[in-house]
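Residue-level structural notes
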Amino acid sequence: MDQPLNRLAEEISSCRLCPLWQGRTHAVPGEGAFGSLFLVGEAPGQREDELGRPFVGRAGRLLEEALLAVGLSRRQVYITNVVKCRPPANRRPKKSEIRACLPYLSREVAIIKPQLMLLLGNTAADAILGQAGLSSLRGKKLASYGIETRVTYHPAAVLRNPALRPLFFADLREASQRLRGQR
Ligand code: URA
Ligand code: SF4
């Protein structure tokens, strides 16, 4: 395991920079591969808080299914969240909590050096690009942290609204092809 990434995970595990530490069982640092696709969700949910790993609940299963459908395994990508501790009752993280936690995300990007970023849902888009409104952001060639960036739906939104499923899968396919230099 990479030293800087381990050190960062340890720092996150004992972080008290915003009030979300009070409700956590485990902080949830990002995990996965270097130099590949970097996925950013919103915040840990119940299952993630229990296990200390990102996207291991229902939304995570859908994300893994979509990754596999486009030829990517979970181990081949990096998965993280805008905030690393679970908000009470899964509410959206507050602006102040996002501001406190975001320096960890930029350190993850600096260590992982991804080829492509994929922001999952409005919370990630707003936190990282300063822009929400998925319907206008989807399909645009964006950049964040100096890295090529795309936006798609959050898998939890896809679970709530199955009509989004083909769009979500298409966005992941586009990202996967971009990684392979096919578009
Ligand atoms: N939803 C998220 O945004 N992140 C997770 O890790 C799990 C569910
Ligand atoms: Fe620290 Fe982020 Fe957890 Fe807040 S959410 S306590 S800033 S790791």
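Provided above is the structure to which this section pertains.
Residues numbered from 1 in each chain as written. Chains lettered and ligands numbered in written order. Predicted model: local features only at pLDDT ≥ 70, side-chain atom pairs only at ≥ 80, totals over all residues. Heavy atoms only, no water.

1. A short note on the site of ligand 1
Looking at ligand 1, the residues that line it are Gly41, Glu42, Ala43, Glu48, Pro54, Phe55, Asn81 and His154. Separating an oxygen atom of ligand 1 from a backbone N or O atom of glutamate 42 is a distance of 2.8 Å. Within the side chain of histidine 154, one N or O atom sits 2.7 Å away from an oxygen atom of ligand 1. Relative to its unbound accessible area of 240 Å², ligand 1 is 91% covered by the protein chains. More than half of the atoms of ligand 1 fall within 2 Å of the grid points belonging to the largest pocket. A breakdown of the residues in the shell around ligand 1 according to their chemical character gives three nonpolar, three polar and two charged. (Near = heavy atom within 4 Å. Polar contact = N/O pair within 3.5 Å; in protein donor to acceptor, adjacent residues only side chain to side chain. Areas by Shrake-Rupley, 256 points an atom, 1.4 Å probe, with all protein chains shown as cover. 1 Å grid on protein atoms, 1.4 Å probe; cavity = no way out; pocket = protein on both sides within 12 Å on 5 of 7 lines; lining within 4 Å. Sits in = over half its atoms within 2 Å of the grid points. Nonpolar A, V, L, I, M, F, W, Y, C, P; charged D, E, K, R; others polar.)

2. Some thoughts on the layout of surface pockets
Remark: the empty space left among the atoms is shown by a probe the size of a water molecule rolled over them. One number sums up the size of the largest pocket: a volume of about 630 Å³. Around the largest pocket, the lining is made up of 27 residues, and of these Glu42, Ala43, His154, Ala156 and Arg160 lie nearest the centre. Among the secondary structure elements, those contributing two or more residues to the lining of the largest pocket are α2 (46-51), α3 (58-69), α5 (122-129) and α7 (155-160). In terms of residues, the lining of the largest pocket owes the most to one element, α7, which gives four residues. Grouping the constituent residues of the lining of the largest pocket by class yields eleven nonpolar, nine polar and seven charged. Looking at the second largest pocket, the residues that line it are Arg92, Pro93, Lys94, Lys95, Ile98, Arg99, Leu102, Asn122, Thr123, Asp126, Ala127 and Ala132. Put simply, the parts of the chain that give the lining of the second largest pocket at least two residues each are α4 (95-112) and α5. (Points joined across faces, edges and corners; volume = space filled by probe spheres on them. Helix = DSSP H or I, 4+ residues; strand = E, 2+ residues; numbered from the N terminus.)

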